[in-house]
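Inside the fold
This is what each chain is made of:
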Amino acid sequence: MFRRRGCLLGCGGFLILCVIASGIGWFFGVPRAVDALRDEVADGVSTIVAENVFSNYSRARLQQGQDVRISFSALNAELQDTSDSEDNLDSLRIVSRGNNIVMSASVSGQTYEIAFTPSITSDGHLDLINVDEGGWWQQQTMTVLGGGFEKSINTWLDQNDLVLTDVTVEADSIMLSVTGR
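Below: a short report on this structure. (Residues numbered from 1 in each chain as written. Predicted model: local features only at pLDDT ≥ 70, side-chain atom pairs only at ≥ 80, totals over all residues. Heavy atoms only, no water.)

Scanning the chain from terminus to terminus reveals 4 helices and 7 strands. If you list the helices and strands of the chain from N to C, you get α-α-β-α-β-β-β-β-α-β-β. In the chain, buried positions account for 35% of the 181 residues. Per element, the accessible surface of the chain, about 10,500 Å² overall, is 55% carbon and sulfur. (Helix = DSSP H or I, 4+ residues; strand = E, 2+ residues; numbered from the N terminus. Buried < 20%, exposed > 50% of the residue type's maximum accessible area, 1.4 Å probe, protein only. Areas by Shrake-Rupley, 256 points an atom, 1.4 Å probe, with all protein chains shown as cover.)

With that out of the way, let us pick up the nonpolar core. Core analysis: the largest hydrophobic core is formed by 27 residues, its most contacted members being Ile101, Met103, Phe149, Leu176 and Val178. By residue number, the principal contributor to this core is helix α4 (residues 136–159), which donates 5 residues. Ignoring anything within four residues of it in the chain, the contact list for Met103 reads Arg93, Ile94, Tyr112, Glu113, Ile114, Phe116, Leu128, Leu145, Gly146 and Phe149. (Core = buried A, V, L, I, M, F, W, Y, C linked by side-chain atoms within 4.5 Å. Contact = heavy atoms within 4.5 Å.)

The backbone of Asp161 sits at a positive phi, close to 55°, despite the residue not being glycine. Given a relative accessible area of 33%, Asp161 falls into the partly exposed group.

Summed over the entire model, instances satisfying the criterion amount to 3 salt bridges. With a shortest N-O distance of 2.0 Å, Glu170 and Arg69 are connected by a salt bridge. Of the two residues, Glu170 sits in the loop between β6 (162–169) and β7 (173–180) while Arg69 sits in strand β1 (residues 66–71), which places them 101 residues apart along the sequence. Across the salt bridge formed by Asp158 and Arg181, the nearest N and O atoms sit 2.8 Å from each other. Pair noted here: Asp158 is in helix α4 and Arg181 is in the segment after β7, with a separation of 23 residues, a long-range link. Take Asp158: its relative accessible area is 41%, and that puts it in the partly exposed class. Take Arg181: its relative accessible area is 51%, and that puts it in the exposed class. It is possible to trace a salt-bridge network through shared partners that takes in Asp158, Asp161 and Arg181. (Salt bridge = Lys/Arg side-chain N within 4 Å of Asp/Glu carboxyl O.)

This paragraph deals with the sheet that holds β1. Taken in spatial order, the 3 strands line up as β1-β7-β6 in an open sheet, and their pairing is antiparallel. Each edge of the open sheet is held by one strand with a lone partner, namely β1 and β6. On average, each strand axis in the sheet is inclined to that of its neighbour by 25°, with strand direction left out of account. As paired strands, β6 and β7 are joined by 7 bridges and run antiparallel to one another. The partner of Val163 across the bridge, within β7, is Thr179. (Pairing = 2+ DSSP bridges. Axes fitted to C-alpha atoms, helices over the stretch in contact; angles between N-to-C directions.)

Bringing the pairing of strand β5 (residues 126–130) into the picture now. Two elements, strand β4 (residues 110–120) and β5, share 5 bridges in a ladder whose sense is antiparallel. Looking at β5, one finds that Phe116 is bridged to Asn130. In textbook terms, the turn of a hairpin is the stretch between consecutive antiparallel strands, and for β4 and β5 this stretch comprises 5 residues, one of which, Gly124, has a positive phi near 80°.

Written out as structure tokens, the structure is:
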């Protein structure tokens, strides 16, 4: 009788440890991984945006108010060069479809396509609103791709002391109307 209780307690304890480990992974591991991937996307896009914008506009002109066009084809070319060195990311593409920005990523054979509608927050930052909620994987992908793109533009705005006054999606680009704070 004692052996059965010991086995039951041992198995029960092992199950409790598994539940605790799963909870820690779910609530701490997954968000950290998503944040790290979002920051990687933001860093890559920020570099591309900074290079493209600074070559065409001076900081003084931006402070006075300017329409800044960011070409998706230029972003895609740079992102393709960056993703060639990554192990799991097969491709990453940003295109426009109507008034939406559509990002598609192929990761280990799975393709995810997410559409966002750009808007402006009350403090003059870019806000990408999800068009379709999708499932859990799609939401995590939205956080990585949309959050990374959003963070890259907002970081660029903050570094140059700019605010967005208008944002429009065009055929192969996004037009950001900016002015100084």
